Amino acid sequence: DAGVTQSPTHLIKTRGQQVTLRCSPKSGHDTVSWYQQALGQGPQFIFQYYEEEERQRGNFPDRFSGHQFPNYSSELNVNALLLGDSALYLCASSFLGNEAFFGQGTRLTVV
Amino acid sequence: AQTVTQSQPEMSVQEAETVTLSCTYDTSENNYYLFWYKQPPSRQMILVIRQEAYKQQNATENRFSVNFQKAAKSFSLKISDSQLGDTAMYFCAFNNDMRFGAGTRLTVKP
């Protein structure tokens with residue numbers, strides 16, 4: 001089992017651009033959550049997907065959107081990138097409310 | 001709103017000694033889960049221990065144990081016989097959507 005995998009591992013984008021981050025959950029997991037972790041801070045909950053629908057959402061603007069596919073993999077899209085969007089983006093998968101398993105994250109740098 | 005507070009930004013402990021990390025939370029729910037996660041410099045978040053609120057018995061995983069005080073909404077992590085590999089950021093998290101605290105940076109000194 002490869003665990004939770006995220007791609008890419010690093011990414012550099014320019015202000016105003018759009019970015020898509022990808023996550024494959026751990027085998028057997030059906031729920032995917034996304035987090036933004038700024039340097040030196042705790043992860044901030046962006047949203048959670050279950051059965052291809054957004055089930056919960058944190059305090060993030062509509063520029064942040066996502067999708068879950070029938071195979072439970074997920075994408076995080078961020079439009080109109082701002083410098084402040086630079087962070088580590090973490091994906092976590094879980095099943096039936098059990099503990100979440102995290103990927104290595106995608107380091108996004110907006111310049 | 002559910003909030004998680006970790007009041008110790010940084011802590012250090014000598015190898016082989018015991019250290020306790022604090023966490024408090026606020027919720028109106030009666031049934032929930034609490035977690036401690038470890039994030040080493042390699043940055044991958046790893047589950048340390050989990051506690052179900054309906055269980056009165058404190059969870060234990062080898063050298064890691066919790067002191068769960070439901071009425072006080074407190075959930076501290078005790079690390080016994082600290083090892084150099086325990087050096088990491090430790091995050092307390094609440095429930096399935098993982099509301100995280102700001103973290104405690106723990107350094108284990110040789």
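Residues numbered from 1 in each chain as written. Chains lettered and ligands numbered in written order. Predicted model: local features only at pLDDT ≥ 70, side-chain atom pairs only at ≥ 80, totals over all residues. Heavy atoms only, no water.

A. Structural context of the overall build of chain B. Regarding its fold elements, chain B presents zero helices and 12 strands. Going from the N terminus to the C terminus, chain B shows its helices and strands as β-β-β-β-β-β-β-β-β-β-β-β. Taking 13 Å as the expected radius of gyration for a compact globule of 110 residues, we find that chain B reaches 13 Å, a close match to that expectation. Projected onto its principal axes, the C-alpha coordinates of chain B cover approximately 40 × 25 × 20 Å. For chain B, the proportion of its 110 residues judged to be buried stands at 49%. Here the analysis covers contacts within chain B between residues at least 6 apart in sequence; of these, 54% occur between residues at least 24 apart. As presented, chain B carries roughly 5400 Å² of accessible surface, and 44% of it is formed by carbon and sulfur atoms. Averaging the locations of the 11 positively and 10 negatively charged side chains of chain B gives two centres separated by 3 Å. (Helix = DSSP H or I, 4+ residues; strand = E, 2+ residues; numbered from the N terminus. Rg over C-alpha atoms; globule rule 2.2 N^0.38 Å. Buried < 20%, exposed > 50% of the residue type's maximum accessible area, 1.4 Å probe, protein only. Contact = heavy atoms within 4.5 Å. Areas by Shrake-Rupley, 256 points an atom, 1.4 Å probe, with all protein chains shown as cover. Lys, Arg positive; Asp, Glu negative; His and termini not counted. Charge placed at Lys NZ, Arg CZ, Asp CG, Glu CD.)

B. Local environment of the pattern of salt bridges. This model, assessed by the stated rule, comprises eight salt bridges over all chains. Of the charged contacts in the structure, one is a salt bridge between R50(B) and E52(B), with a shortest N-O distance of 3.3 Å. Across this residue pair, the class does not change: R50(B) and E52(B) are buried. Ionic contacts of the salt-bridge type, sharing partners, join the residues E99(A), R50(B), E52(B) and K55(B) into one network. (Salt bridge = Lys/Arg side-chain N within 4 Å of Asp/Glu carboxyl O.)

C. Spotlight on the nonpolar core. Within the largest apolar cluster, 25 residues are counted, with the highest numbers of intra-cluster contacts made by Y25(B), W36(B), F75(B), L77(B) and Y90(B). Secondary-structure elements contributing two or more residues to this core are β3 (19-21), β5 (33-39), β6 (46-52), β8 (64-69), β9 (74-79), β10 (88-94) and β12 (104-109) of chain B. It is β10(B) that contributes the most residues to this core, four residues altogether. Setting aside anything within four residues of it in sequence, one finds Y90(B) in contact with Q6(B), L21(B), W36(B), Y37(B), K38(B), V48(B), F64(B), L77(B), I79(B), G103(B), T104(B) and L106(B). Formed by 20 residues, the second largest nonpolar core is a distinct cluster that contains C23(A), V78(A), L81(A) and V110(A). (Core = buried A, V, L, I, M, F, W, Y, C linked by side-chain atoms within 4.5 Å.)

D. Spatial organisation of the environment of S27(A). Within the secondary structure, S27(A) is located in the loop between β3 (19-24) and β4 (31-37). For the pair S27(A) and G40(A), spaced 13 residues apart in sequence, the C-alpha separation works out to 30 Å.

E. Inspection of the interface of chain B and chain A at higher detail. Listed by partner, the interface residues are 18 residues for chain B and 22 residues for chain A. Each partner contributes to the roughly 1700 Å² buried at the junction of chain B and chain A, and carbon and sulfur atoms together form 46% of this total. For the pair chain B and chain A, the interface holds one salt bridge. Those elements giving two or more residues to the side of chain B that touches chain A turn out to be β5, β6 and β11 (99-100) of chain B. The element contributing the most residues to the side of chain B that touches chain A is β5(B), with four residues. Per-class residue counts for the side of chain B that touches chain A are nine nonpolar, five polar and four charged. (Buried area = accessible area lost by both parts, 1.4 Å probe. Nonpolar A, V, L, I, M, F, W, Y, C, P; charged D, E, K, R; others polar.)

F. Looking closely at the packing of aromatic side chains. Enumeration according to the criterion identifies 16 aromatic pairs over all chains in this entry. Ring geometry for Y25(B) and F94(B): centres 5.9 Å apart, planes at 40 degrees, overall tilted. Placement of Y25(B) in strand β4 (residues 24-26) and of F94(B) in strand β10 is noted, with a sequence separation of 69 residues between them. Put simply, the rings of Y35(A), F45(A), F102(A), Y33(B), F35(B), Y37(B), F91(B) and F100(B) touch in pairs and so form one group of aromatic residues. Stacked on the ring of F101(A), the Lys or Arg K26(A) has its end atom at 5.1 Å from the ring centre. A cation over an aromatic ring shows up here: R55(A) above the ring of Y50(A), its NZ or CZ 4.6 Å from the ring centre. (Phe/Tyr/Trp six-rings, centres within 6.5 Å; stacked < 30°, edge-to-face > 60°. Lys NZ or Arg CZ within 6 Å of the ring centre and 35° of its normal.)

G. Just the sheet that holds β3(A), in detail. Residues and elements named next belong to chain A. With antiparallel pairing, four strands are arranged side by side in an open sheet as β1-β3-β8-β7. Across the chains shown, the open sheet's two edge strands, defined by having one partner strand only, are β1 (5-7) and β7 (64-68). Sheet twist, expressed as the mean angle between neighbouring strand axes with direction ignored, is 20 degrees. In terms of strand pairing, β7 meets strand β8 (residues 74-78) through five bridges, oriented antiparallel. Its bridge partner lying in β8, F64 is registered against V78. (Pairing = 2+ DSSP bridges. Axes fitted to C-alpha atoms, helices over the stretch in contact; angles between N-to-C directions.)

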